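Tertiary structure, described
Here are the chains, one letter per residue:
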Amino acid sequence: EYYGKSGLWDSYAGRCKYGFMEIGGSCDTPCSGTRTAPCECMTSEEAADAVQDSAQTALIVTSIGFAVTFLYASYKCYKRRLAQQRDDACAANEFEQQQQQQQ
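Sequence order sets the numbering: in each chain, residues are counted from 1 along the sequence as written. This being a predicted model, a pLDDT of at least 70 is required before a residue's local features are given, and a value of 80 or more before pairs of side-chain atoms are given or counted; all residues contribute to the totals for chains, interfaces and linings. Heavy atoms from the whole structure form the basis of all side-chain values; hydrogens and water molecules are not counted.

Describing the overall build of the protein
A count of helices and strands for the protein gives 1 helix and 5 strands. Starting at the N terminus, helices and strands are each numbered in turn, a helix being any DSSP run of H or I of at least four residues and a strand any DSSP run of E of at least two. Listing the helices and strands of the protein from first to last along the sequence gives β-β-β-β-β-α. Here the protein holds 103 residues, and the buried ones make up 10% of them. Working rule for contacts: check all heavy atoms of both residues, and any pair within 4.5 Å makes them a contact. Partitioning the contacts of the protein with sequence separation of at least 6, the portion at a separation of at least 24 is 37%. Under the convention used here, a 1.4 Å probe and the Shrake-Rupley method define accessible areas, while residue burial counts only the protein chains that appear. In the form shown here, the protein has an accessible surface area of approximately 8600 Å², with 56% of it arising from carbon and sulfur atoms. Only protein chains enter the accessibility calculation, which uses a 1.4 Å probe; a residue is then buried when its area is under 20% of its type maximum, exposed when over 50%, and partly exposed in between.

Structure, rendered in structure tokens:
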């Protein structure tokens, strides 16, 4: 059963115009049994707020994922640079030793 403000039920489609929300629990229909709470049709403002909340959550999660990926890639690049500097220093030392032995 759907409760709510008048004008939010689309009788042609047989559903709420802007979606629905629970009233004091979950209005999802379980595989067996009945709903734990009745549903209410959302207003367009409530639906817009729900979409905005979801978008903000997605933006936060994406930003955190991007930051972690960036930091990991930066760390790997830094380690590669250190290894290259070490290898270059070793090669320079070996070259100097060879030059000294030839003299």
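What to know about the pattern of salt bridges
Here, a salt bridge means any side-chain nitrogen of Lys or Arg that lies within 4 Å of a carboxyl oxygen of Asp or Glu. All chains considered together, the criterion is met by 1 salt bridge. Measuring nitrogen to oxygen at the nearest pair gives 3.8 Å for the salt bridge that ties Arg86 to Asp87. Given the relative accessible area of 39%, Asp87 is considered partly exposed.

Describing the confidence of the model for the protein
Interpretation of the predicted coordinates at a detailed level should be avoided for regions scoring low in pLDDT. For the protein, the average pLDDT comes to 81, and 77% of its residues sit at 70 or higher. Element-level mean pLDDT values for the protein span from 52 in strand β1 (residues 2-3) up to 89 in helix α1 (residues 44-102). For every residue, the predictor assigns a confidence score, pLDDT, that lies between 0 and 100.

Description of a nonpolar patch on the surface
By definition, no residue in a patch forms a salt bridge, and every one has over 30% relative accessible area; like charges are joined within 9 Å, nonpolar side chains (Val, Leu, Ile, Met, Phe, Trp, Tyr) within 5 Å. Residues Ile60, Ile64 and Val68 make up a contiguous nonpolar surface patch of roughly 290 Å² in combined accessible area. Within the element layout of this structure, Ile60 appears in helix α1.

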